[in-house]
Amino acid sequence: MPAEAEESTQKGKKGGKSSRKRGGNDEEEDYARASAERKAKRREQRAAEKAAAPTPIAIPEYISVANLASMVRVRTDQFIRKMEELGFEDIQPEDILNEENAGLIAMEYNFEPIAASPEDDVDLRAAPEPEDKSSLPQRPPIVTIMGHVDHGKTTLLDYLRKSSVVATEFGGITQHIGAFSVPLSSGKTITFLDTPGHAAFLNMRQRGANVTDIVVLVVAADDSVKPQTLEAIKHAKGARVPIIVAINKVDKEGANPDRVKQDLARHGVDVEDFGGDIQAINVSGKTGQGIDELEEAIGTLSEVLDYRADPTGAVEGRIIEASTKKSGRTATLLIKRGTLRVGDIIVAGTTFARVRTMRNEGGEFIDQVTPGMPAEVDGWRGVPVAGDEVLQAPNEQRATAVIEYRERKEESEQLAKDMEAIAQARKLESARREEKEAAAAAKEAAEAGVEVADTKTAAAEAKDDGPPSLVQVPFILKADVSGSAEAVMDYVMTVGNSEVRPVVLRSEFGAVSEFDVEHAAVAGGHIISFNVALDPRIAHLAEQRGVRVLEDNVIYRLVDAVKALLSERLPPTMVQRVTGEAQVLQTFSIGLGGRRKMLIAGCRVKNGVMGRGHRVRVFRGEKKIYDGTVSSLKNVKKDVAEMRKGTECGMAFDGWQDFQANDTIQCYEERAEKRYL
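Since the structure is predicted, the reported quantities are computational estimates derived from the model, not experimental observations.

Enquirer: Is there a simple way to think about a negative patch on the surface in this case?
Expert: Taken together, the side chains of Glu84, Glu85, Glu89 and Asp90 make up a negatively charged region of the molecular surface. Within the secondary structure layout, glutamate 85 lies in helix H3 (residues 76–85).

Enquirer: Whenever I open this one, the sheet that holds strand E19 (residues 471–479) confuses me. Can you help?
Expert: Either a parallel or an antiparallel arrangement is found when strands of a sheet pair, and the pairing is made through backbone hydrogen bonds. Spatial ordering of the open sheet is given by E20-E19-E21-E22, a layout of four strands whose pairing is parallel. The outermost strands of the open sheet, each flanked by one partner alone, are strand E20 (500–509) and strand E22 (549–552). Ignoring which end each strand starts from, the neighbouring axes of this sheet average 25° apart. Most of the contacts of helix H13 (residues 514–523) go to E20, to which it runs at about 160°, and overall it touches E19, E20 and strand E21 (526–530).

Enquirer: Could you clarify how one ought to interpret the sheet that holds strand E14 (residues 345–348) in this entry?
Expert: On the basis of which strands lie adjacent, the closed barrel formed by six strands has the order E11-E12-E17-E15-E14-E18 and antiparallel pairing. Adjacent strand axes in the sheet meet at a mean angle of 50°, parallel and antiparallel pairs treated alike. Inspection of the sheet shows strand E11 (residues 316–325) paired to strand E12 (residues 328–337) by nine bridges, in the antiparallel sense. Bridged to lysine 325 within E12 is glycine 328.

Enquirer: I keep staring at helix H8 (residues 257–266) and nothing clicks. Help me out?
Expert: What sets the pattern is the α-helix's 3.6 residues per turn: residues three or four places apart point alike. Considered for burial, the residues of H8 that qualify are Pro257, Val260, Lys261, Asp263 and Leu264. Each buried residue of H8 lies within a common arc of 165° when the element is viewed along its axis, so the set occupies one face. Buried residues in H8 make contact with strand E8 (214–220), helix H7 (227–238), strand E9 (243–248) and strand E10 (280–282). Positive phi shows up at glycine 268, right after H8, with a value of about 85°.

Enquirer: What am I meant to see in the pattern of salt bridges here?
Expert: Any two side chains of opposite charge can pair, so long as their charged atoms come close to each other. This structure, assessed with the given rule, holds 34 salt bridges. In this structure, aspartate 223 and lysine 226 form a salt bridge, with 3.7 Å as the shortest nitrogen-oxygen distance. A relative accessible area of 29% places lysine 226 in the partly exposed class. Where aspartate 639 meets lysine 634, a salt bridge forms, and the shortest distance between an N and an O atom there is 2.8 Å. A residue is classified by how much of its surface remains accessible, and aspartate 639, at 54% relative accessible area, is exposed. Residue class for lysine 634 comes out partly exposed when judged on its relative accessible area of 21%. A network of salt bridges, in which partner residues are shared, links Glu129, Lys133, Glu316, Lys336 and Arg337.

Enquirer: For this particular structure, what's the right way to read the packing of H13 against helix H14 (residues 536–544)?
Expert: Viewed as axis vectors pointing N to C, H13 and H14 meet at an angle of 15°, and their least axial separation amounts to 10 Å. By the angle between their axes, H13 is roughly parallel relative to H14. Along this stretch, H13 crosses H14, giving a crossing that reads as right-handed. On H14, the residues that touch Glu514, Val517 and Glu518 of H13 are Arg537, Ile538, Leu541 and Ala542. Residues that form the contact of H13 with H14 fall into these classes: four nonpolar, no polar and three charged.

What counts, and at which threshold
Residues numbered from 1 in each chain as written. Predicted model: local features only at pLDDT ≥ 70, side-chain atom pairs only at ≥ 80, totals over all residues. Heavy atoms only, no water. Patch = residues over 30% accessible without salt bridge, like charges linked within 9 Å, V, L, I, M, F, W, Y side chains within 5 Å. Areas by Shrake-Rupley, 256 points an atom, 1.4 Å probe, with all protein chains shown as cover. Salt bridge = Lys/Arg side-chain N within 4 Å of Asp/Glu carboxyl O. Lys, Arg positive; Asp, Glu negative; His and termini not counted. Charge placed at Lys NZ, Arg CZ, Asp CG, Glu CD. Helix = DSSP H or I, 4+ residues; strand = E, 2+ residues; numbered from the N terminus. Pairing = 2+ DSSP bridges. Axes fitted to C-alpha atoms, helices over the stretch in contact; angles between N-to-C directions. Contact = heavy atoms within 4.5 Å. Buried < 20%, exposed > 50% of the residue type's maximum accessible area, 1.4 Å probe, protein only. Arc of directions from axis to C-beta. Parallel < 35°, antiparallel > 145°, perpendicular 65-115°, else oblique. Left-handed = near helix turned anticlockwise from the far one by under 90°. Nonpolar A, V, L, I, M, F, W, Y, C, P; charged D, E, K, R; others polar.

In structure tokens:
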């Protein structure tokens, strides 16, 4: 091949390669350009989505982390990381969030929380109060007798209703709330709500004040204002209920009504005689003195306040007391609005009733109950709780739906509380683990000779901030009725301190059962039985299982028994008492055989008695330099058991010889003293 042709061929090959290379570069540039355009488009779409209106989302009252992540269409692990960025700690997929926190997190994903649909809320609610009640018929006023224990509340009420209830009560304390209507000589009817005067029934008294129109504050003329009197004033004022003062026992020797009025004025209760607007009536529940004036005062005040209610429409009321009788589950309720009739369906808390029968305070069967009147109703599916609101349901299906809804809500709320407790426990466990790791690292560093800064770990800080360790004593509470069980539990829970406290595992009404004993035995607890007879067979079983049953029908004796039981779990107080004092005059050594020697402190006993084997403290000036025992006590060369004031002796101490002249030695005894709550 000629040289020119070969050169031409080589040039053609090189040119082809160069052309292919340029083509490849163009393709890469086109791909990169298209990719950049796609990314920009996606950014624009995301920006547009972000700028767009947030998506509505209906969040329930309580929701788990995993379910919320699913609702906002985010993977659970990414969702948890986002929550940690927002400040949440130690999040698990099964943790429960409340509606507020869940809504705030959802807003981070451009969702707008909205209220739950009204169709989803099947619960019953009381109708709003009418603005104008002038056209409605009048109803009886609801009056509560309140005051200090043994100031004569029950005697006064007994005189009003002309029945004898005092003889059936224990310790001068009314045990349960009772509601009943009393026709007065004026022709009016008044409904009395009798709340116990003892501080143990604080919760029941609060509930009584909340359903009351007028409070009659009973104060004994010979005893004046007492702690429970002040509590009654506080609850009545808190509920904004008008007060009428009944100064009782004016027939007794030593009665001083003027002193009562002065003491009440000091606590913000200004009676008419002292320039106020509160009526004060002198009465005697025993002789009936002043009862007519008290009735007139109640009637006058009720006319001025003009209590009215709508007897038509759905029934509304309040449970006053509930119990189980031979006839079945019963509850005393007070009607606020509407008229309750046999056959109506009413809901209270998480149970409902188709009214089978109704009885008044005299035990007579009645067909209907109007506003302001009480009645005992049976036909309940379960036992309602004293204080529950009573609402009428249109039919049994709606009542069942309401009960199921409330039970689900209660379970969700309890689950949220449990999860919060679990999260707190995890946090404490993490803090303890961190503290152990820090202590181990410090130990290793110390062994290696590395100086460790005295810094406080987060775990130590968490430990310092936490509550002190305490002993919890479990109890199972059984009472005759639900109102008593609730009130006794409230009072029992106030007993204790930072070292020991009661924990009520269950609070129910009814007799103590075999299951109660077994439950208490497994939990290492005890049983409180209030005003309930104890079966001998159950008592024997409790004794075998080591379960103590604290039973009584007087509340303050029962509480004293709980205090005594808790006091047994308190660690004793170590009390030290100085029994002698000596001063070191000089030191010398004695031989023990061979080359062994013992240093002896030559002392003079200044006060009391110094004994061999006794506990001693040695002071040099104000500083304590030794705390131990006397190992040897000698007088001249004889071993002695003790030396008294004014004598001289030689002393040696257990494992310590660093004493000097003029040191002071105190001999003391230490004993444990039982502590009480």
